[in-house]
There are 2 protein chains.
Amino acid sequence: MRWNLRSDQVDEAWFNVIPHLTEPLQPPLHPGTRQPVGPEDLAPLFPVALIGQEVTAEPYVDIPGEVLDVLRLWRPTPLVRARRLEERLGTPARIYYKDESVSPAGSHKPNTAVPQAFYNKKEGVRRLTTETGAGQWGSALAFASALFGLECKVYMVRASYGQKPYRRVMMETWGAEVVPSPVDQPEHPGSLGLAISDAVRDAATSEESHYSLGSVLNHVLLHQTVIGQEARRQLELAGERLPDLVVGCCGGGSNFGGIALPFVPDPGVRLLAVEPTACATLTAGAFDYDFGDTAGMTPLLPMYTLGHDFIPPSIHAGGLRYHGDAPIICNLVKAGRIEASAYPQSKVFEAAVEFARAQGTIAAPETAHAIRAVIDEALAAKETGEERVILFSYSGHGLLDLGAYDDYLHGRLDADGAPTGG
Amino acid sequence: MRWNLRSDQVDEAWFNVIPHLTEPLQPPLHPGTRQPVGPEDLAPLFPVALIGQEVTAEPYVDIPGEVLDVLRLWRPTPLVRARRLEERLGTPARIYYKDESVSPAGSHKPNTAVPQAFYNKKEGVRRLTTETGAGQWGSALAFASALFGLECKVYMVRASYGQKPYRRVMMETWGAEVVPSPVDQPEHPGSLGLAISDAVRDAATSEESHYSLGSVLNHVLLHQTVIGQEARRQLELAGERLPDLVVGCCGGGSNFGGIALPFVPDPGVRLLAVEPTACATLTAGAFDYDFGDTAGMTPLLPMYTLGHDFIPPSIHAGGLRYHGDAPIICNLVKAGRIEASAYPQSKVFEAAVEFARAQGTIAAPETAHAIRAVIDEALAAKETGEERVILFSYSGHGLLDLGAYDDYLHGRLDADGAPTGG
């Protein structure tokens, strides 16, 4: 069963969680002076409108009409009751998922790529640069750039560039230029931190070019709150009051923030962020100021981090391999409002295959982390006989990640880290 | 702009075009005796319910509740107005597409895979066999089999098995067994006709096994009519009366039949089937009785055919490479009710890339044939200043066909047939 909203029922404002934080958000620090950064420090990279959204205390931020026009190509996304999974598990829990995989790029990422492209275009920027690891973010920005007539250059982590040619082709179909990163070390497999350095350097030194980031920053999480806001209205249509539990996978925090932040003001709602044990920032990182990139070119952010020179093992959930996490998410974890848990990838793929055989759809490896946690929570509800309502973000489909399923199905997956053998 | 229907607004009956045919449908002939086949000839391969649907004269056939329950996982599918494409073309035409790509398998094929799996399960069949070329049909049957707890074995054209490993993995994720065909000639690249022979032979000689076909037959087209029936209601919601033109790509005819057949009784509605010049059955084939498979094991069907031993060039739109066409479609082409046109693949990919950059979504190469024709019709409307309403079937997404886009974008595509060079 699905609950659809009409195209004219998209949210017209983003939800800002900042006024709801019990601990104030610590400011980012300049990488040179270690003093709080001001708008002028960020202007070479970001449009003024986004810098404003980074610090605004307004409870809601209006979504421009030109952005709504594009979001309506796939939004509102469906809310789906996973009744076949419930039956398979024999759980009294009612499981709902918000299907963000229906966007043209196949994930939640276009929710922020579209406004970022719009604001840049509006302020006269001609060209965007960015990095991508697994490829979801690069695809989203390539898509958004095509629709606003911007050039787009994507620095793709070299290992992914080789392993995921379909992601590259997708970006090229939308007209983006894609190059492997790091650009100056042709033998290096690359990392997200290194690719950020490449993209920032390009934007900072090119005419009419800006940089675009797909997670971590406040304005990115702001743009993703359409997920949770829509889900709240759709749960009402489904006859539910509020969820007891909201679950999302968490890499940089944009997907998890999108589904969870609109529920922060609702005290009875548990919020659970799920990450891989191989890159367990929230559950095993230290809370500290750290750089967003490997080269130390970005501001220092207050976050749980494994260190900006952390090189994660080559797990399949490429979108969950960032060394840090969004400051907003970290603030809420530190304050006890958000819980976090971590799973090894073998348990994650087991859940993904169970979901595919019950509900029919094949999830992205990132999304499968949420599915793992949801199944475990639903089984716990079965133990206690509780009728809890679980909402999770189905952040993306796995149709460009089927190589990972192949490794799992044919026993080539290391439980925790890299694929084994040939 | 999209027009959604609610899950409880799925059609509860299939539309049967047979009572609307002006020329009677000629019967299939037994491959041995060349006499009309009876139900008893088909019983070793198909369940009784489907054999009945093959010949029924009822105007509508009820859809069982268990089938509706599964169809509701993704149906009703959205109807989308391609306004950005209209603006890019500067056409006064209003272009709508019915988005069948939202199914778990990514195409229209599950519309018939689900009832076929259901009726087989209900009649005690334990295992289904089938063939697949490009992989869309095999994926759909693997998905449907998983949901009804049937075993599924897919004979995949060997060339596709090697070139499209993601399609194989998709089927395996749903629990199907996939083997390259022809099974007895390990060096042969295979063809759809040969794979049909493999699958039919397996079903005919295995216990509790049936064969399942994804196109061509009357019951398959019947199951696909939910596409056109929903589209008709959604066009009304969009404020349109009837389309002036309905367009669909046509291989075996199931997608085209699905969108077009419900409009056969509306005399003002043009119906246009689009095929590749490299396998131009409707536009260049001869109308004759011919076998459905290469080995001559299936009944002879009255259809436009290129000959059952025709080996099509290796174009990317693998789903449009069948030597024949559905007898119902051929009957209507012969009677002048359906028009047909053919395009070379270079023109088809040009249209697909234009569509992706305008609307954001990346179409299956098969679907791109319809897009090519729609763009040309919209440009013709611009010439004459006509406000015509065009409806087409967006039969599948291209996310597992990005290798084809890669060839096109990097100049490795032969205009008409096989990829060139390395």
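Bringing the overall build of chain A into the picture now. On a plain count of helices and strands, chain A comes out with 17 helices and 15 strands. Taking 422 residues into account, the globule formula puts the C-alpha radius of gyration at 22 Å, and chain A, at 20 Å, falls close to it. Dimensions of chain A, computed from C-alpha atoms along their principal axes, come out at roughly 60 × 55 × 40 Å. Here chain A, with 422 residues, has 66% of them falling under the buried criterion. Counted over contacts in chain A with a minimum sequence separation of 6, partners at least 24 positions apart contribute 76%. Accessible surface, chain A as shown: approximately 13,800 Å² in total, 51% of it carbon and sulfur.

Residue and element names in this part refer to chain A. Read from one edge of the open sheet, four strands run E8-E7-E6-E9, paired in parallel fashion. The open sheet is flanked by strand E8 (177–181) and strand E9 (209–211), the only strands paired with a single partner. Averaged over all adjacent pairs, the angle separating strand axes in this sheet is 25 degrees, with direction ignored. Packed onto the sheet, helix H6 (residues 136–148) meets strand E6 (127–132) and strand E7 (151–157) and runs at close to 165 degrees relative to E6.

Residues and elements named next belong to chain B. The sheet built from four strands is open, its strands ordered E8-E7-E6-E9 with parallel pairing. The sheet is open, and its two borders are formed by strand E8 (177–181) and strand E9 (209–211), each paired with just one other strand. With strand direction ignored, the average angle separating the axes of adjacent strands in the sheet is 25 degrees. Strand direction decides the pairing type here: strand E6 (residues 127–132) and E9, joined by three bridges, are parallel. Residue pairing for E9: Thr 129 is matched across the bridge by Tyr 211. In the packing of helix H6 (residues 136–148) onto the sheet, the strands contacted are E6 and strand E7 (151–157), and the crossing angle to E6 comes to about 165 degrees.

If you walk through the whole model with that rule in mind, you get 56 salt bridges over all chains. With a closest N to O distance of 2.6 Å, Asp 401 of chain A and Lys 164 of chain A form a salt bridge. Pair noted here: Asp 401 of chain A is in the loop between strand E15 (389–394) and helix H17 (402–409) and Lys 164 of chain A is in the loop between helix H7 (158–163) and helix H8 (165–173), with a separation of 237 residues, a long-range link. The network of salt bridges with common partners includes Arg 168 and Glu 172 of chain A together with Asp 406, Asp 407 and Arg 412 of chain B.

Turning our eyes to something else, we now look at the interface of chain A and chain B. Tallying the contact residues gives 43 residues for chain A and 43 residues for chain B. Of the roughly 3,800 Å² buried between chain A and chain B on both sides combined, carbon and sulfur atoms contribute 56%. Considering only the surface of chain A that becomes buried against chain B, Arg 2, Tyr 166 and Thr 173 of chain A emerge as the three largest contributors, covering 18% of it. In this structure, the connection of chain A to chain B is made through two salt bridges. Going through the elements one at a time, helix H3 (65–71), H6, H8, helix H15 (345–359) and H17 of chain A are the ones with two or more residues in the side of chain A that touches chain B.

Attention now moves to helix H9 (residues 192–205) of chain A. Residues and elements named next belong to chain A. A rise of 1.5 Å per residue sets the reference length of H9, with its 14 residues, at 20 Å; its end C-alpha atoms lie 20 Å apart and thus fit the reference within 8%. Here H9 lies mainly inside the structure; ten of its 14 residues are buried. Where H9 is concerned, the buried positions are Gly 193, Leu 194, Ala 195, Ile 196, Ser 197, Asp 198, Ala 199, Val 200, Asp 202 and Ala 203.

Conventions we followed
- Residues numbered from 1 in each chain as written.
- Chains lettered and ligands numbered in written order.
- Predicted model: local features only at pLDDT ≥ 70, side-chain atom pairs only at ≥ 80, totals over all residues.
- Heavy atoms only, no water.
- Helix = DSSP H or I, 4+ residues; strand = E, 2+ residues; numbered from the N terminus.
- Rg over C-alpha atoms; globule rule 2.2 N^0.38 Å.
- Buried < 20%, exposed > 50% of the residue type's maximum accessible area, 1.4 Å probe, protein only.
- Contact = heavy atoms within 4.5 Å.
- Areas by Shrake-Rupley, 256 points an atom, 1.4 Å probe, with all protein chains shown as cover.
- Pairing = 2+ DSSP bridges.
- Axes fitted to C-alpha atoms, helices over the stretch in contact; angles between N-to-C directions.
- Salt bridge = Lys/Arg side-chain N within 4 Å of Asp/Glu carboxyl O.
- Buried area = accessible area lost by both parts, 1.4 Å probe.
- Expected span 1.5 Å × (residues − 1).

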